[in-house]
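Next come the chains, spelled out residue by residue.
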Amino acid sequence: MKIRLMEQTTNRHASSFRDPSGYIVVKDNELYRHINPVYFAQYKALTTSGFYKKVIDAHLLIPHKETEATSQYIIIKPEKIPFFSYPYEWSFSQYQHAALHTLKLQKYALQHGFTLKDATAFNVTFHNGAPVFVDTLSFDSYSDGEPWRAYKQFLMHFLAPLVLTKYHGTTMLKTLQQHIDGIPLQQVVKLLPFMARLNPILYTNIYLTAKYEYKYSSDEHAGAEKKVSVTKEAQIKIIDVLYNYIKGLTLNEQTEWKDYYNVTNYDAAAFDYKKQLVKKWYTFIKADKVVDLGGNDGTFSRVLKEYAKEILVTDIDTNAVDHNYRQVLKNKEQNIIPLVSDLLNPAPGIGFNNKERAPLQERIASNNYDVALALALIHHISLSGNVPFNMSAQMFASLTPYLIIEFPDREDSWVSFLLKSKREFAGYFDYYTIDNFEKDYAAFYTIIEKEQIHHTHRTLYLLKRK
Amino acid sequence: MLFLPFKQIVMKLFFLYFDPGTGALVVQALAATAAAGVLFYKKIMMKVQSLFGKKQEQDLMGTIDIEDKADGADNK
């Protein structure tokens, strides 16, 4: 017992403490889920009824295997998810898809005599080219007339950020980074335009819920156990309507990404040559897993999709990431994860002790990618972000053993545009030369290959960490 | 609450490890009524649209309903 208590604190996953049903333990880089006796009845019902098998077969829930069962605890081993993305790193379509996934699961659960007892967006991530629900212990038995306990959580974690994004743009997709428990509905009401209340779905689900929440949180009603009964059919109607509404949401926001490749500095031949070079070097170093930093819509990392086990493509532009995700769905690409991230401000560690949700850099480094691609990126980091070469080299070196990086020199039209926009301070950026780049990167890397791309002012490097 | 048997209190506390919000539970009856109206309207609109042969857009995220495999069926 003593050993188990020790284990609970030492190896317990930093995100696993909210639900008393069980907790996650990390052992030898593998995840195990310990189930406490308080959840035994539910776990057995979910297993023997065949519900777990059904939701796993339908790709709604992450598969698991039972590894140990005693009278004190049960241990299950869930399928490993190599890279775990968080809601504030999703594009609009990804967020939308995760919300739909949760509703789909709740409807299916209700139809089989169960219900989701929580509906946090952190219970969903992207794996094998689709959203997947990861919390095996989130289900409870459904009893007749019982309303959906996780309804408010669903609104605060999914509906509210999506609706706010519709009205105020993609910056609202990052809501959960600030509000880890979901954005308060009263605040959502303040942020929505007046006209939004004319929509019957928003009126009932957001405005009325906020109003009733306020009413029942006042002292007068505090502690009162109000008996509420909602039939299963009625609950399914709410879920159906929310599903249709969220599925129909669209985003009207233009970003710099639109037609990016039509205005970049490549003719078709140079563009293709760069692709071939990336592929050649990737196979040369026998890489298996790649992270494409500033990878836009995945145009370049997609040439590796036949060779790579895992491809993580990050970009600051949510529309590019969105385009990438829609291609993943359309082409059924299981090994690509698109992710919204600003390299100059990646997602930090948040939540309890700053460890509940891990920083992005840590998640990338711990997933042991073999190589990082940094194509058409260094001039943005150096000239827009003012990050010195030695600092960007150190950052890249903290992530992967190999780096494929493109250096556009001062004659490149993008670089000269960025330099011109510095106006009278352009002189401060005289250090931006290929010689200085090579010198500073040499502190962290050895050059394995180097090739200038014909008809461009750009050089591609294959670097190996020292 | 004081008169609830101990077991029920424990189960309740366990179940409510986060606050579901009384208001959010009460509002579901109203939300369901509105939802019924919305679904009815949508059904009519779908019928009208199908009369005019409106094309459906490519569906990448699927519908809400999952086809249940018959019990004991081979899933492979």
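What you are looking at is a predicted structure, and each value in this text was computed from that prediction instead of being measured.

Undergrad: Hey, could you go over the sheet that holds strand 9 (residues 289–292) of chain A for me, with residue numbers and the actual values?
TA: Residue and element names in this part refer to chain A. Strand order in the open sheet formed by 7 strands is 11-10-9-12-13-15-14, with mixed pairing between adjacent strands. Of all strands in the sheet, those with a lone pairing partner are strand 11 (336–340) and strand 14 (445–453), marking the two edges. Strand-to-strand twist of the sheet, defined as the mean angle between neighbouring strand axes without regard to direction, takes the value 20°. Here strand 12 (residues 371–374) runs beside strand 13 (residues 402–408); their pairing, made up of 4 bridges, is parallel. Looking at the pairing, A374 lines up with I405 of strand 13. Packing against the sheet, helix 10 (residues 268–284) makes contact with strand 9, strand 12, strand 13, strand 14 and strand 15 (458–465), and its axis sits at approximately 155° to strand 14.

Undergrad: Summarise the domain arrangement of chain A; cite the residues concerned and give the values.
TA: Many authors give the size of an interface as the accessible area that is lost as the parts come together. Residue and element names in this part refer to chain A. With domains assigned, chain A is organised as domain 1 (2–78), domain 2 (87–218 + 226–248) and domain 3 (260–465). For domain 2 versus domain 3, the separation of C-alpha centres amounts to 35 Å. With 14 residues of domain 2 in contact, the opposing surface of domain 3 contributes 18 residues. Top element by residues in the side of domain 2 that touches domain 3 is helix 4 (residues 92–111). It accounts for 3 residues. Tallied by class, the residues present in the side of domain 2 that touches domain 3 amount to 6 nonpolar, 7 polar and 1 charged.

Undergrad: Let's hear about the confidence of the model for chain B: which residues, and what values?
TA: Detail in the predicted coordinates should be disregarded across regions flagged by low pLDDT. Residue and element names in this part refer to chain B. Looking at chain B, the pLDDT average stands at 70 and 59% of residues meet or exceed 70. Across residues 1–15, where pLDDT falls below 50, the model places 5 contacts with residues more than four positions away in sequence or in other chains. Across residues 71–76, confidence stays below pLDDT 50; counting only partners more than four residues off in sequence or on other chains, it has 2 contacts. We note a pTM of 0.90 for the whole complex and an ipTM of 0.74 for its interfaces.

Undergrad: Give me the lowdown on the interface of chain B and chain A, citing residues and values where you can.
TA: With 30 residues of chain B in contact, the opposing surface of chain A contributes 46 residues. Among the secondary structure elements, those contributing two or more residues to the side of chain B that touches chain A are helix 1 (6–15) and helix 2 (22–51) of chain B. Residue composition of the side of chain B that touches chain A, grouped by class: 23 nonpolar, 6 polar and 1 charged.

Undergrad: Break down the pairing of strand 1 (residues 22–27) of chain A for me, citing the residues and quoting the values.
TA: Residue and element names in this part refer to chain A. Pairing of strand 1 with strand 2 (residues 30–35), which is carried by 6 bridges, proceeds in the antiparallel orientation. Each residue of the ladder has a partner; that of V25, found in strand 2, is Y32. Once strand 1 ends, the chain turns through 2 residues before running back antiparallel as strand 2, passing D28 with a positive phi of about 50°.

Undergrad: Account for helix 14 (residues 389–397) of chain A, with residues named and values stated.
TA: In an α-helix, one turn spans 3.6 residues; hence positions three or four apart end up facing the same way. Turning to helix 14 of chain A, its buried residues number three or more, namely F389, S392, A393 and F396 of chain A. Projected down its long axis, helix 14 of chain A shows its buried positions confined to an angular sector of 105°, all on one face.

Undergrad: Describe the packing of helix 5 (residues 151–168) of chain A against helix 8 (residues 200–217) of chain A, and please don't skip the residues or the numbers.
TA: Residues and elements named next belong to chain A. Their axes nearest at 11 Å, the elements helix 5 and helix 8 cross at an angle of 115°. In this structure, helix 5 crosses over helix 8, and the sense of that crossing is left-handed. Each of K152, L155, L159, A160 and V163 in helix 5 lies in contact with helix 8, whose residues at this interface are L202, N205, I206 and T209.

Undergrad: Tell me about the packing of helix 4 of chain A against helix 9 (residues 232–248) of chain A, residues and numbers included.
TA: Residues and elements named next belong to chain A. For the pair helix 4 and helix 9, interaxial distance at closest approach is 10 Å and the crossing angle is 160°. Here helix 4 is positioned roughly antiparallel relative to helix 9, judged by the angle of their axes. Crossing of helix 4 against helix 9: the hand is left-handed. For the pair helix 4 and helix 9, contact is made by Q96, A99, L100, L103, Q106, K107 and L110 and by K232, Q235, I236, I239, L242, Y243, I246 and K247, respectively. Broken down by class, the residue content of the contact of helix 4 with helix 9 amounts to 9 nonpolar, 3 polar and 3 charged.

Undergrad: Any details on the nonpolar core? Residues and values, ideally.
TA: All names here are of chain A. Ranked by internal contacts, the top residues of the largest apolar core, which has 122 residues, are V290, A374 and L403. Residue contributions to this core peak at 10 residues, all from helix 5. In this view, V290 contacts Y282, S301, L304, A308, I311, Y369, D370, V371 and L373; residues no more than four positions away in its chain are not counted.

Quick notes on the rules
Residues numbered from 1 in each chain as written. Chains lettered and ligands numbered in written order. Predicted model: local features only at pLDDT ≥ 70, side-chain atom pairs only at ≥ 80, totals over all residues. Pairing = 2+ DSSP bridges. Helix = DSSP H or I, 4+ residues; strand = E, 2+ residues; numbered from the N terminus. Axes fitted to C-alpha atoms, helices over the stretch in contact; angles between N-to-C directions. Contact = placed C-beta atoms within 7 Å. Domains from an automatic or database assignment. Nonpolar A, V, L, I, M, F, W, Y, C, P; charged D, E, K, R; others polar. pLDDT = per-residue confidence, 0-100. Buried ≥ 20, exposed ≤ 12 C-beta atoms within 10 Å, placed from the backbone. Arc of directions from axis to C-beta. Left-handed = near helix turned anticlockwise from the far one by under 90°. Parallel < 35°, antiparallel > 145°, perpendicular 65-115°, else oblique. Core = buried A, V, L, I, M, F, W, Y, C linked by C-beta atoms within 7 Å.

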